[in-house]
Amino acid sequence: MSWGTELWDQFDNLEKHTQWGIDVLEKYIKFVKERTEIELSYAKQLRNLSKKYQPKKNSKEEEEYRYTSTRAFLATLNEMNDYAGQHEVISENMTSLITGELTRYVQELKQERKSHFHDGRKAQQHIETCWKQLEASKRRFERDCKEADRAQQYFEKMDADINVTKADVEKARQQAQLRHQMAEDSKAEYSSTLQKFNSEQHDHYYTHIPNIFQKIQEMEERRIVRIGESMKTFAEVDRQVIPIIGKCLDEITKAAESIDHKNDSQLVIEAFKSGFEPPGDIDFEDFTQPMKRTVSESSLSNSRGDGKSEPKFGGKSKGKLWPFIKKNKPPPPPPASASPSAVPNGPQSPKQQKEPLSHRFNEFMTSKPKIHCFRSLKRGLSLKLGAGPEDFSNLPPEQRRKKLQQKVDELNKDIQKEMDQRDALTKMKDVYIKNPQMGDAASVDHRLAELGQNIEKLRLEVQKFEGWLAEVEGRLPLRTDQARRQSGLYEGQNTAAVNSCAQDRESPDGSYTEEQSQETEMKVPATEFDDEFDDEEPLPTIGTCKALYTFEGQNEGTISVAEGEMLYVIEEDKGDGWTRIRRNEDEEGYVPTSYVEVYLDKNAKDVYKSLQKISE
């Protein structure tokens, strides 16, 4: 089966067919190029997707990746990044092994095809030239034969005419012989040309054209084989990355199987455990025995003396206007700070009971509870500004212990880093001492001194934080909510427990506010001074307000309101985010200022400010 013998007369069709084969090859190259672009685009999108969900550095998201489920998700993101890399490998291999190779091959194929068909056209032109020569020789032989016949007829006619001279007859005879000779010569030339043409034609159709067509056939078969090999390479490139992609998928499966729900639950406990004990039973408050009444956890009210009469509003400046004895007031959100309150220190004599309020206030300001009160105020202010206390006392015990331990570890790492630098400089100094030409040994003394000072400072910091850590670890299991609830329990008729502004580490909304220490717990006798500021006349209303939102007052000192409800204002916001309101004679408390729209009565407000100035 050969194109040279079977398709000897299909030169034009073969030319069209081979051009179509090259077009097919170029189409396949274009297909592979688009596939590589798709692979690159897919890999890029996968990488962007993986990067999009990676945790941000130094952000809260990094803390979330301590859980096994989130670590598994992070492993999935990393494996997807490797998965994208395999698609990039597919694109690179297809570009180098298929697209590049086939592009070069197409150029070579076009040149080869052009050469073969040029030889074919040259052979056709040669046989056509031979055919034209044969036709010309044939026409010349035919013309000479006709001329010889006409010359012979003219001679015979002249020879038969008696009127023609002998010379004319001889001339006609010679002309006839000349024509016959020319016809014989044309015949011989035609015969020679015919034999030559037949030989050339035989060689053309049985030698030259078959050879050329055979080369074209081989060229076309190589093209077909080459495109088949490229298709195999196309599949092999994908098959080569399948094991690696399989490993990526296996790692994702392994990460999914590593998820431990029990461990994650334990991490939640470690993250949010406060270290407090659940609250115990609330003691029964027997109001039939007024001298043994139990003070609640967040209240600083004390028992009153028997027979003590309270002056009415307007006759005397009341304690409600004294900013240090606001009772049951919740701390302003978001960070809770202990509301200031104060209790006089030591027993009160009758003389002291008759002293003016300003003098007694000055005595309070110089007392120990005042110091703790302002410490609490300062700490609360720092929390409002977003900077927590250095000892993390605003956190629950367990969380505080973890933060302190973390701080100690960080400081130890810093110490180790400074010590490594000091050791390196010490070795450098020794080298300079042994080899002065390498450098001045005194040039590192200043830096060594700085490192020594830094190490000493860091060690002092470590000792400070370790002291706080030991304090927390030593006190953590002993602290109970029941002890906090009974921290204000009276011991007998003449003793009382006072927590000086920060009675406990919990504020009324349940947030952890201040470290409990021995110096914040004081026992002072209950006197009439306590009674005077404990159960005073209800404050007058200074305006009205409308609830903008519903507020559930679940903490002590707050009151629940419904959206749209109208209430009375008895104490405006002092900058702590709370407004004191009253619904009726028995229901009053604090609500967030942002939850209500206040309408103050100007006259009442002026009277209220005047009373405040008097109390100050």
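Up top you'll find the structure we're talking about.
As the structure is a computational prediction, the values presented were derived from the model and not from experiment. (Residues numbered from 1 in each chain as written. Predicted model: local features only at pLDDT ≥ 70, side-chain atom pairs only at ≥ 80, totals over all residues. Heavy atoms only, no water.)

Participant: Can you lay out the overall build of the chain for me, pointing to particular residues and giving the numbers?
Facilitator: For the chain, the count of helices and strands is 14 helices and seven strands. Burial analysis of the chain (616 residues in total) assigns 36% to the buried set. Looking at the chain as shown, the accessible area adds up to about 36800 Å², and 52% of this sits on carbon and sulfur atoms. (Helix = DSSP H or I, 4+ residues; strand = E, 2+ residues; numbered from the N terminus. Buried < 20%, exposed > 50% of the residue type's maximum accessible area, 1.4 Å probe, protein only. Areas by Shrake-Rupley, 256 points an atom, 1.4 Å probe, with all protein chains shown as cover.)

Participant: Give a detailed account of helix α10 (residues 397-434), specifying residues and quantitative values.
Facilitator: Along its 38 residues, α10 runs 55 Å from first to last C-alpha, staying within 8% of the 56 Å computed at 1.5 Å per residue. Buried residues of α10: P397, E398, Q399, R400, L404, V408, L411, I415, E418, L425 and Y432, and no others. (Expected span 1.5 Å × (residues − 1).)

Participant: Which residues make up the side chain of H204, and what values go with them?
Facilitator: For H204, the position within the fold is in helix α5 (residues 166-257). Excluding anything up to four places from it in sequence, H204 contacts A123, Q124, I127, I209 and P210. (Contact = heavy atoms within 4.5 Å.)

Participant: Could you give an account of the nonpolar core, naming the residues involved and the relevant values?
Facilitator: Among the nonpolar cores identified, the biggest contains 31 residues, and L25, Y28, M94, I98, F213 and I216 are the most heavily contacted of them. Only α2 (11-52), α4 (68-160) and α5 provide two or more residues apiece to this core. Among the elements that take part in this core, α4 stands out by supplying eleven residues, more than any other. Residues contacting I216, with those up to four places away along its chain left out, are W3, T18, H116 and F117. Counting residues in each nonpolar core, the second largest holds 13 residues, with F551, I581, Y590 and V596 among its members. (Core = buried A, V, L, I, M, F, W, Y, C linked by side-chain atoms within 4.5 Å.)

Participant: Mind laying out the pattern of salt bridges, listing which residues take part and the relevant values?
Facilitator: Applying the stated rule across the entire model yields 24 salt bridges. Salt-bridge contacts for E15 lead to R121; the nearest nitrogen and oxygen are separated by 2.1 Å. One end of the pair, E15, is in helix α2; the other, R121, is in helix α4, and 106 residues separate them in sequence. One network of salt bridges, with partners in common, ties together E571, R580, R582 and E588. (Salt bridge = Lys/Arg side-chain N within 4 Å of Asp/Glu carboxyl O.)

Participant: Let's hear about the sheet that holds strand β6 (residues 588-592): which residues, and what values?
Facilitator: Read from one edge of the open sheet, five strands run β6-β5-β4-β3-β7, paired in antiparallel fashion. Of all strands in the sheet, those with a lone pairing partner are β6 and β7 (596-600), marking the two edges. On average, each strand axis in the sheet is tilted by 40° relative to the strand beside it, whichever way the strands run. Bridge count between strand β3 (residues 543-547) and β7: five bridges; the pairing is antiparallel. (Pairing = 2+ DSSP bridges. Axes fitted to C-alpha atoms, helices over the stretch in contact; angles between N-to-C directions.)

Participant: Can you explain a nonpolar patch on the surface? Please cite residues and give values.
Facilitator: Together, W8, Y205 and Y206 make up a nonpolar patch on the protein surface, roughly 360 Å² of accessible area in all. Along the polypeptide, W8 turns up in the loop between α1 (3-6) and α2. (Patch = residues over 30% accessible without salt bridge, like charges linked within 9 Å, V, L, I, M, F, W, Y side chains within 5 Å.)

Participant: Describe helix α6 (residues 261-272), naming the residues involved and giving the relevant values.
Facilitator: The end-to-end C-alpha distance of α6 is 17 Å, a good match for the 16 Å that twelve residues give at a rise of 1.5 Å each. Every buried residue belonging to α6 is among D264, L267 and A271, and all of these are buried. All buried residues of α6 project into a common sector of 55° when viewed along the axis, lining one side. Among the structural elements, α4 and α10 are those in contact with the buried residues of α6. For α6, the capping residue at the N-terminal end is D260, with a side-chain oxygen 3.1 Å from the backbone nitrogen of K262. (Arc of directions from axis to C-beta. Polar contact = N/O pair within 3.5 Å; in protein donor to acceptor, adjacent residues only side chain to side chain.)

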